[in-house]
Amino acid sequence: KLDANIGASTYFKIGGQADVLVHPRSADSLSLLLQRCHNAEMPFRVLGRGANLLVDDKGVDGVVVKLDHPCFNQFRFNTEGPEIELHVMAGKDVAALLMECARCGHGGLAAMAGIPSTIGGAIRMNAGGVYGCISDSLRTITCLKDRGELATYDKDSIAFGYRECRVSDPIILSATFELFECDPVSLRDRIKEIFAWKTSRQPLADSSAGCTFKNPTDEDGQRKSAGKLIDETGLKGHMVGGATVSDLHANFIVTTPTTTARDVLTLMDDVIERVLDSTGIVLQREVVVWSRDPEVQR
């Protein structure tokens, strides 16, 4: 599809278009597309749930891929060995997968409750929170390299960090996880408990992209709450255009239908500057920005 309005499909519900939006129907066709983009030196991006993404008002160049064909949503449990192994394609919705895990009594991913993402997107940013990260139960990931060839990596060979997975390959295709058997009712209750905790503290009903900034480290290497730093700087409710720092959680920026991506970008820069002036700490964006301008995207 040409000139696809991908901004509207993000959680911010704002932003511009993609020059080309493609919905591959198989891993082979995805591999071929990636190879052709590489040969043509054409930018290539993967759009998941759009829950951690801001698309610039002027849109993005190159090809954007959406892995929403059923072949990229498949998963299976292997219970024949001493452990439960989950194999899942990268396009699978995390919330839907959690429901299947709870139904079967397969624990290990409950920490992902309340995190809107596909499996691929969650791995790419090592999604998680106070209850754990997706990499905790990860065993392997299979990727497509620049020229479309397959590569599988053990978890131990991948450098995971706070909100990052240092895999340079452009596409995460699938993953395997090591799960464990547990009581389905207890697992459902645990997922509900984690989700309720997040709902009570985060503006999940508003249009936002989750936490805007990564929690920074202090001089002792300890993580500090970005939300607390923003709150203590007096920025709750601070607005730029139609973008507002949430009154419920200061690390969330919420938008309205009339908000522009530039409103959000300006507000993020404003928050970074004011927190730096107040605390001497430099906040780094957790929200991913797509833009035709490399400086904006950085």
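Residues numbered from 1 in each chain as written. Predicted model: local features only at pLDDT ≥ 70, side-chain atom pairs only at ≥ 80, totals over all residues. Heavy atoms only, no water.

Q: Just checking my understanding: could you explain the overall build of the protein for this structure?
A: A tally of regular secondary structure across the protein gives seven helices and 20 strands. The C-alpha radius of gyration computed for the protein amounts to 19 Å, which stays within 12% of the reference 19 Å derived for 298 residues, consistent with globular compactness. Counting only C-alpha atoms, the protein reaches 55 × 50 × 35 Å along its principal axes. Counting only residues that meet the buried cut, the protein has 47% of its 298 residues in that class. Carbon and sulfur atoms make up 49% of the accessible area of the protein, which totals about 14,500 Å². (Helix = DSSP H or I, 4+ residues; strand = E, 2+ residues; numbered from the N terminus. Rg over C-alpha atoms; globule rule 2.2 N^0.38 Å. Buried < 20%, exposed > 50% of the residue type's maximum accessible area, 1.4 Å probe, protein only. Areas by Shrake-Rupley, 256 points an atom, 1.4 Å probe, with all protein chains shown as cover.)

Q: Where do I start with the packing of helix H2 (residues 94-104) against helix H4 (residues 184-201) in this structure?
A: Packed helices, taken two at a time, are described by the angle their axes make and the gap between the axes. Between H2 and H4, the shortest axis-to-axis distance is 7 Å and the interhelical angle comes to 150°. Between H2 and H4, the angle falls in the class roughly antiparallel. Residues Leu 98, Cys 101, Ala 102 and Arg 103 of H2 form the contact with H4, whose own contacting residues are Pro 184, Leu 187, Arg 188 and Ile 191. Taken together, the residues of the contact of H2 with H4 sort by class into six nonpolar, no polar and two charged. (Axes fitted to C-alpha atoms, helices over the stretch in contact; angles between N-to-C directions. Parallel < 35°, antiparallel > 145°, perpendicular 65-115°, else oblique. Contact = heavy atoms within 4.5 Å. Nonpolar A, V, L, I, M, F, W, Y, C, P; charged D, E, K, R; others polar.)

Q: Would you take a moment to explain the state of the cysteines for this structure?
A: For the coordinates displayed, the defined rule picks out zero disulfides. Not engaged in a disulfide, the cysteine Cys 182 finds its nearest cysteine sulfur in Cys 101; these two sulfurs lie 9.0 Å apart. With a relative accessible area of 24%, Cys 182 lands in the partly exposed category. (Disulfide = S-S within 2.5 Å.)

Q: Explain the confidence of the model for the protein here, please?
A: Where the model shows low pLDDT, its predicted coordinates should not be examined in detail. In the predicted model, the protein carries a mean pLDDT of 94, and the fraction of residues at 70 or more is 100%. Across the protein, element-level confidence peaks in strand E7 (residues 84-89) with a mean pLDDT of 98 and bottoms out in helix H7 (residues 294-297) with 84. (pLDDT = per-residue confidence, 0-100.)

Q: Got a minute to help me understand the sheet that holds strand E5 (residues 60-66) in this structure?
A: Backbone hydrogen bonds hold the strands of a sheet together, and the pairing may be parallel or antiparallel. Taken in spatial order, the four strands make up an open sheet running E1-E2-E5-E3, and their pairing is mixed. This sheet does not close on itself; its edge strands, each paired only once, are strand E1 (2-4) and strand E3 (44-47). Each adjacent strand pair in this sheet contributes to an overall mean axis angle of 50°, direction not counted. (Pairing = 2+ DSSP bridges.)

Q: Looking at this structure, how should I read H4?
A: Residue pairs three or four apart in sequence face the same way in an α-helix, which turns once every 3.6 residues. An ideal rise of 1.5 Å per residue puts 26 Å on 18 residues; H4 measures up with 26 Å between its terminal C-alpha atoms. Among the residues making up H4, those that are buried are Leu 187, Ile 191, Ile 194 and Lys 198. For H4, the buried positions fall inside an angular range of 65° around the axis, keeping them on one side. Elements in contact with the buried residues of H4: H2 and strand E8 (106-107). (Expected span 1.5 Å × (residues − 1). Arc of directions from axis to C-beta.)

Q: Quick question: what am I supposed to make of the packing of aromatic side chains here?
A: Each pair of aromatic rings is reported with the distance of its centres and the angle of its planes. Inspection of the entire model under this criterion finds two aromatic pairs. Centre to centre, the rings of Tyr 131 and Trp 197 are 5.6 Å apart; their planes meet at 90°, and the pair counts as edge-to-face. With Tyr 131 in the loop between strand E9 (128-129) and strand E10 (132-133) and Trp 197 in helix H4, this pair connects stretches of sequence that are 66 residues apart. According to the relative accessible area criterion, Trp 197 is partly exposed, its value standing at 27%. Here Arg 45 stacks its cationic end above the ring of Trp 290, 5.7 Å away from the centre of that ring. (Phe/Tyr/Trp six-rings, centres within 6.5 Å; stacked < 30°, edge-to-face > 60°. Lys NZ or Arg CZ within 6 Å of the ring centre and 35° of its normal.)

Q: Please clarify how the sheet that holds strand E18 (residues 243-245) should be interpreted in this entry.
A: Taken in spatial order, the four strands of this open sheet run E16-E19-E18-E17, and their pairing is antiparallel. This sheet does not close on itself; its edge strands, each paired only once, are strand E16 (207-211) and strand E17 (239-240). As paired strands, E16 and strand E19 (residues 252-255) are joined by three bridges and run antiparallel to one another. The partner of Cys 211 across the bridge, within E19, is Phe 252. Contacts from helix H6 (residues 261-279) reach E17, E18 and E19, with the element oriented near 30° to E18.

Q: Even after reading the chapter, I still don't get the environment of Leu 32, so can you show me in this structure?
A: Looking at where Leu 32 falls in the secondary structure, it is placed in helix H1 (residues 27-39). Relative accessible area serves as the criterion here: at 38%, Leu 32 is assigned to the partly exposed category. For the pair Leu 32 and Gly 148, spaced 116 residues apart in the sequence, the C-alpha separation amounts to 6.3 Å.

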